[in-house]
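Listed below are the residues making up each chain.
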Amino acid sequence: MGKTQLLLSLLLCSFIIDLEASRQDLNQPYRTGYHFQPPSNWMNDPNGPMVYKGIYHLFYQYNPYGAVWDVRIVWGHSTSLDLVNWTPQPPAFSPSQPSDINGCWSGSVTILPNGTPVILYTGIDQNKSQVQNVAVPVNVSDPYLREWSKSSANPLMAPNAVNGINPDRFRDPTTAWLGHDGEWRVIVGSSTDDRRGLAVLYKSRDFFNWTQAAKPLHHEDLTGMWECPDFFPVSLTGSEGVETSSFGEVKHVLKVSLIETLHDYYTIGSYDREKDVYVPDLGFVQDGSAPRLDYGKFYASKTFYDDVKKRRVLWGWVNESSPAKDDIEKGWSGLQSFPRKIWLGESGNELLQWPIEEIETLRESQVKWGNKVLKAGSTIQVPGVTAAQADVDVSFKVKDLEKADVIEPSWTDPQRICSQEDLSVKSGLGPFGLMVLASNDMEEYTSVYFRIFKSNGTNKNTKYVVLMCSDQSRSSLNEENDKATFGAFVAIDPSHETISLRTLIDHSIVESYGVGGKVCITSRVYPKLAIGENANLFVFNKGTQNVDVLSLSAWSLKSAQINGQTVQPFSECEDSHSLNQS
């Protein structure tokens, strides 16, 4: 057994041993039932998601040594047949070369025309500079891609005195795409000393020898470091995805993760293939004013094209809201969002997101309502569902829109409005929505809701303003958690459209999709009372006017198999341990 293979085997065995320990620990009320997470330790960015020979793969930033971030980060790896149930594989690679000896950071997978997947990733080299490396499968006939080999030519891209790239701000290569001239293109996130964010562009004919382009694909002043960029086409019609190198009847999306705000922002625009320049459409700027993929806990996201189901799928890292000492005590930190289908909305100026359809395989008992009036000030329990692990879809209709309050001219920040105007503040229309993970005595609950305001006339094209909030302020009796409230405006005309809410509840994560996925908000919560069978679900209306529930469906969800199976007998781990001792 070679040294690299031995190291990977030992890491996997540690992973399996941690899994067995976590199974024995029954005091884990915040572990999830169907969101991706390792059995223990730290996880952050999703890396290189793909489908290969009918098998889905997810790589991820993983610290095998503890529940906090560590410079010795490796590429964790799991596989799935359905993007729901996951089997652990050996880590794809760990620090081993001069070009990544201080950490194997984020990157992406590109499928070459011959069907071979290739990983480009950021390594932290012996000088602690950020450089770009490549790794390829050892055995392309293995659909599980259990072994990877790093090129001896690494690094392929590096900061130097000529290109002037800052060695501390040069990371996270995207999936590459083929240009009109047959050359590959890839972008790497960066920034200048004066906070100009950059998507540094490189080109290659063979994928292994890369040359920096004269200009970045795109840049924006005063935005700081652009982490985890993602650049991909979206079809102008329908919800099907398109392959990353596709061109024609498409728009392009540039997503960047801004380290200064720790949020993911996107713009929609046009990609000039001749000039290799991306230009956002009118009204979009690649800064903090751009729309966000998610208005809650969601960062370092990554998409891939699923050619099996002709869709683009989005993953995002959902970090903890608990203090590090609590993460160390529970032995793990970090989730991935439930995978989402993402596409261009009919308006052409927004992306829509929705849980992938495979979640329906987890559905068990269903509670279904139709045409129920939510009277002003009412709260109604939704019985018959496992409220700590559920999928809820509800549609509201508001009739007396003229009763809505006029929004204050100073109310331009939706998160601030949601924080100031909590459930105790009644208005004409709202708040109305869901109370999830609620305790029996209502001491704890997380509320996801809407308010409707009349426009104050500053925007003559908008008569009403719809606000969506996710309020964690009462989510736990533990005051050490971050219980920030999140919010966003929803582009909808309530006089003609239904206000709908889809919420996925999974013990310590609440993912909400407003109005068909126009707005997404993800929250992390850690109730002390509303745990397991003691969690409840309610529909509420705290406004002064009645609201109609047109329909409500709530499903209990069974648990998925998340990294719960080993890929080798436990005795082989003991053999590897013996080899290490010898």
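Below, the structure is looked at part by part. In this convention, every chain numbers its residues from 1, walking through the sequence in written order. Only residues with pLDDT of at least 70 are given local features in this predicted model, and only at 80 or more are side-chain atom pairs given and counted; all residues enter the totals for whole chains, interfaces and linings. Hydrogens and waters are ignored; side-chain quantities use all the structure's heavy atoms.

### Remarks on unusual backbone geometry
Generally, phi is negative for residues other than glycine and the peptide bonds are trans, each holding for most cases.
Thinking step 1. Pro155 follows Asn154 through a cis peptide bond whose omega is 0°.
Thinking step 2. With respect to the helices and strands, the residue Pro155 is situated in the loop between strand E8 (148-150) and strand E9 (170-171).
Thinking step 3. Look at Lys53: it is not a glycine, yet its phi comes out positive at around 50°.
Thinking step 4. Looking at the secondary structure, you find Lys53 in the loop between strand E1 (41-52) and strand E2 (55-63).
Thinking step 5. The classification of residues rests on relative accessible area computed with a 1.4 Å probe and restricted to protein chains. Under 20% of the type maximum is buried, over 50% is exposed, and intermediate values are partly exposed. Given the relative accessible area of 54%, Lys53 is considered exposed. Secondary structure elements are taken from DSSP: a helix is a run of H or I of four residues or more, a strand is a run of E of two residues or more, and numbering for both begins at the N terminus.

### Description of the sheet that holds E2
Thinking step 1. For two strands to be treated as a pair, DSSP must find no fewer than two bridges joining them. Taken in spatial order, the five strands of this open sheet run E4-E3-E2-E1-E21, and their pairing is mixed. Of all the strands in the sheet, just strand E4 (87-93) and strand E21 (332-333) have a single pairing partner and so form its edges.
Thinking step 2. Bridging between strand E3 (residues 74-80) and E4 involves four bridges; their strand directions are antiparallel. Directly across from His77, in E4, lies its bridge partner Gln89.

### Describing the nonpolar core
Thinking step 1. Within the largest apolar cluster, 46 residues are counted, with the highest numbers of intra-cluster contacts made by Phe450, Ile452, Leu537 and Val539.
Thinking step 2. When sequence neighbours within four positions are dropped, the list of residues in contact with Phe450 reads Gly430, Pro431, Phe432, Val466, Leu467, Met468, Val490, Ile499, Ser500, Leu501, Gly514 and Val515.
Thinking step 3. The set of buried Ala, Val, Leu, Ile, Met, Phe, Trp, Tyr and Cys residues whose side-chain atoms join them within 4.5 Å is what this entry labels a nonpolar core. Counting residues in hydrophobic clusters, the runner-up holds 26 residues, among them Leu58, Tyr62, Val74 and Trp86. Residue contacts are defined here by distance: any two heavy atoms, one from each residue, within 4.5 Å place the two residues in contact.

### Things to note about the state of the cysteines
Thinking step 1. Two cysteine sulfurs form a disulfide in these notes if their separation is within 2.5 Å. For the structure on display, the rule yields one disulfide.
Thinking step 2. With a sulfur-sulfur separation of 2.0 Å, Cys418 is cross-linked through a disulfide to Cys469. Judged by the sign of its S-S torsion, about -75°, the bond between Cys418 and Cys469 is left-handed. Here Cys418 is found in helix H3 (residues 414-420), whereas its partner Cys469 is found in strand E31 (residues 464-471), with 51 residues between them in sequence.

### Some details on the packing of aromatic side chains
Thinking step 1. For Phe, Tyr and Trp, rings pair up if their centres lie within 6.5 Å, where Trp contributes its six-membered ring, and each pair is then called stacked (planes under 30 degrees apart), edge-to-face (over 60) or tilted (otherwise). Using the criterion set out here, one finds 28 aromatic pairs in the structure.
Thinking step 2. Centre to centre, the rings of Phe36 and Trp86 are 5.4 Å apart; their planes meet at 85°, and the pair counts as edge-to-face. Residue Phe36 is located in the loop between helix H1 (3-24) and E1, and its partner Trp86 is located in the loop between E3 and E4; the two are separated by 50 residues in the primary sequence.
Thinking step 3. Given the relative accessible area of 3%, Phe36 is considered buried.
Thinking step 4. Where Trp42 meets Trp317, the ring centres are 5.8 Å apart and the plane angle is 65°; that geometry is what we call edge-to-face. Of this pair, Trp42 sits in strand E1 while Trp317 sits in strand E20 (residues 311-318), placing them 275 residues apart in sequence.
Thinking step 5. According to the relative accessible area criterion, Trp317 is buried, its value standing at 13%.
Thinking step 6. Three or more aromatic residues joined by ring pairs make a cluster, and in this case those are Phe36, Tyr60, Tyr62, Trp86 and Trp315.
Thinking step 7. Criterion for a charge above a ring: Arg CZ or Lys NZ at most 6 Å from the ring centre, at most 35 degrees from the ring normal. The positively charged end of Lys341 is found above the aromatic ring belonging to Trp343, 5.5 Å away from the centroid.

### Section: the sheet that holds strand E35 (residues 519-524)
In any sheet, the strands associate via hydrogen bonds between backbone groups, in a parallel or an antiparallel arrangement.
Thinking step 1. The sheet built from six strands is open, its strands ordered E25-E37-E27-E33-E34-E35 with antiparallel pairing. With one partner strand each, in any of the chains shown, strand E25 (363-374) and E35 form the two edges of the open sheet. Taking the axes of each pair of neighbouring strands and ignoring which way they run, one obtains an average angle of 15° across the sheet.
Thinking step 2. One ladder, built from five bridges, connects strand E33 (residues 499-506) with strand E34 (residues 509-514); its direction is antiparallel. Helix axes use the C-alpha atoms of the stretch in contact, all axes being lines fitted to C-alpha atoms, and the angles between their N-to-C directions lie in the range 0 to 180 degrees.

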